[in-house]
Amino acid sequence: MTHEEFESIAALDALGVASGGDVAALRLHLAGCHPCRVARRELGQATSMFAIALAPIPPPAYLRAAVMAEISPESRTNRWWLATAATLFLALWGWRELDVRAGRAEIVRLQQQNSRLSAEIAALASADTRTITLSGQEIAPSASAKVFLQPDRRRALVFFHDLPANPGDTSYQLWIIRAGQPKPASAGIFDVTASGKASIVIENLPVETEIEALAVTLEPRGGVVQPTNTRFYVAGDAGL
Amino acid sequence: MDTTAPVAAALLPAVARGNVSAFEELYDRYASTVYGLLLRILSNADDAQEVLQETFVKAWTSAKMFDSVRGSEVAWLISIARSRGIDRLRSRKVRLEREDEAGREISFLDHSTGADTAIQSEERSAVRRALAELPEAQRVALELAYFEGLSQLEIAARLNEPLGTIKTRMQLGMKKLRERLQAFQ
């Protein structure tokens, strides 16, 4: 693809109407191309002219108070207590469901599992968790994925749907495209069975640089260091 | 683009450090611009107010992600609001209601301003003049993408024009917009 073609995609991306695959390819290109990065920035600034040209309208005064209350430490403390209460409820509920006659080892195992699931639920419900949707591309248009990104824990949970089952000599591989990084980073490999579903947990997520996009390719079994193709199955912009 | 007020020192770095005063100033500086945008996208005050609140809470929690090299503070905030506004528009199927208004003229250039604070009215006027210089067909196509989140295919269907024509219009329009922006700098 030429720089001119990337600039065309950048224009659509700035308007928020570029396809997920194009956005992923663009992010990859921008990481190593300064002129195109400048173009994308200027195009983004240019689209904001539409908003700036509008008549400003003061929002109701109570909204300001609502926003400030939302970000206040007290409010966040309340939310923490709510999350704790919800976790406690789930833990108690899980405990009640246990067969008290079951062996001690089984109880311990279930407690740990319950605790882990509760922590996962609390983490997913956290205000800091970002949700990113990856959409199916040309070779798998009905596929999709949901990413729950927890920057503070450097971790993400990814759930895939309706991906075609991968042949035995291949693996699906998830790639992270980061700002200023010319090469994508592998976030893990996974297999998909006939159910079309899969999930992976990404630990030690590289959050030092902004994640711009995520994409999935089909690679040789066991994964590769760098993607061998740009035929994305699902892809999506991780931007705000 | 220097469309912010001359006094508009960058606030987001302080917001990223948890400075509530800086966040309050950020809100006071841009809430009217963001609310005007959200009302334009959503045509519904309740939705616009909810999304405005989400936008500023997001700005508070994500201020550390702001990179001034990649764009201005106001453009960053606008991009959050616009993205969430379009998501709300799609999720609530507001678009279906708006189909009835498909034939209406899209015009924002003659609105009077009542709350120019952060963005000075002369700067706003300059931006409006720049947009008004775009051929109407290009401007309409870009506005449908920006304010309604329509794809090129959907815009072609809405305007009853060939897809290729819409693609060309949008490319030319964005190119001209970028040139106008460079003229500001």
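## Quick notes on the nonpolar core
- Counting 106 residues, the largest nonpolar core has Met-49 and Leu-214 of chain A together with Val-34, Leu-38 and Ala-145 of chain B as the members making the most contacts within it.
- Looking at which domains feed residues into this core, each of domain 1 (1–119) and domain 2 (121–185) of chain B supplies at least three.

## Some words on helix α1 (residues 3–15) of chain A
Residues and elements named next belong to chain A.
- Along its 13 residues, α1 runs 18 Å from first to last C-alpha, staying within 8% of the 18 Å computed at 1.5 Å per residue.
- Those residues of α1 not exposed but buried are Phe-6, Ser-8, Ile-9, Ala-10, Ala-11, Leu-12, Asp-13, Ala-14 and Leu-15.
- Immediately beyond the C-terminal end of α1, within one or two residues, lies Gly-16, with a positive phi of roughly 75°.

## Details of the environment of Ile-189 of chain A
All names here are of chain A.
- As for its position among the elements, Ile-189 is in strand β5 (residues 185–190).
- With 32 residues separating them in the primary sequence, Ile-189 and Arg-221 have C-alpha atoms 8.9 Å apart.
- Not counting the four nearest positions on each side in its chain, Ile-189 is found in contact with Ser-171, Tyr-172, Gln-173, Gly-222 and Gly-223.

## Observations concerning the confidence of the model for chain B
Residues and elements named next belong to chain B.
- Looking at chain B, the pLDDT average stands at 80 and 79% of residues meet or exceed 70.
- Predicted confidence for residues 1–7 stays below pLDDT 50, and this span has 19 contacts to residues more than four positions away or in other chains.
- Contacts from residues 102–116, a stretch scored under 50 in pLDDT, to residues over four places away or in other chains number 24 contacts.

## Quick word on the interface of chain B and chain A
- Across the contact, 61 residues belong to chain B and 36 residues belong to chain A.
- A total of eleven residues in the side of chain B that touches chain A trace back to one element, the largest contributor, which is helix α2 (residues 20–42) of chain B.
- Its residues assigned to classes, the side of chain B that touches chain A comprises 30 nonpolar, 21 polar and ten charged.

## Considering the sheet that holds strand β1 (residues 130–136) of chain A
Residue and element names in this part refer to chain A.
- The eight strands are arranged β5-β4-β7-β8-β1-β2-β3-β6 in an open sheet whose pairing can be described as antiparallel. Strands with a single pairing partner mark the edges of an open sheet, and in this sheet they are β5 and β6 (198–202). Each strand of the sheet is rotated relative to its neighbour by a mean of 20°, with strand direction disregarded.
- As defined by bridge partners, strand β7 (residues 211–220) adjoins strand β8 (residues 234–237) across three bridges and the pair is classed as antiparallel. For Ala-215, the partnering residue across the bridge sits in β8 and is Ala-235.
- Each of β1, β4 (170–178), β7 and β8 touches helix α2 (residues 20–30); the most contacted strand, β8, lies at about 65° to it.

Procedures and definitions
Residues numbered from 1 in each chain as written. Chains lettered and ligands numbered in written order. Predicted model: local features only at pLDDT ≥ 70, side-chain atom pairs only at ≥ 80, totals over all residues. Core = buried A, V, L, I, M, F, W, Y, C linked by C-beta atoms within 7 Å. Buried ≥ 20, exposed ≤ 12 C-beta atoms within 10 Å, placed from the backbone. Domains from an automatic or database assignment. Helix = DSSP H or I, 4+ residues; strand = E, 2+ residues; numbered from the N terminus. Expected span 1.5 Å × (residues − 1). Contact = placed C-beta atoms within 7 Å. pLDDT = per-residue confidence, 0-100. Nonpolar A, V, L, I, M, F, W, Y, C, P; charged D, E, K, R; others polar. Pairing = 2+ DSSP bridges. Axes fitted to C-alpha atoms, helices over the stretch in contact; angles between N-to-C directions.

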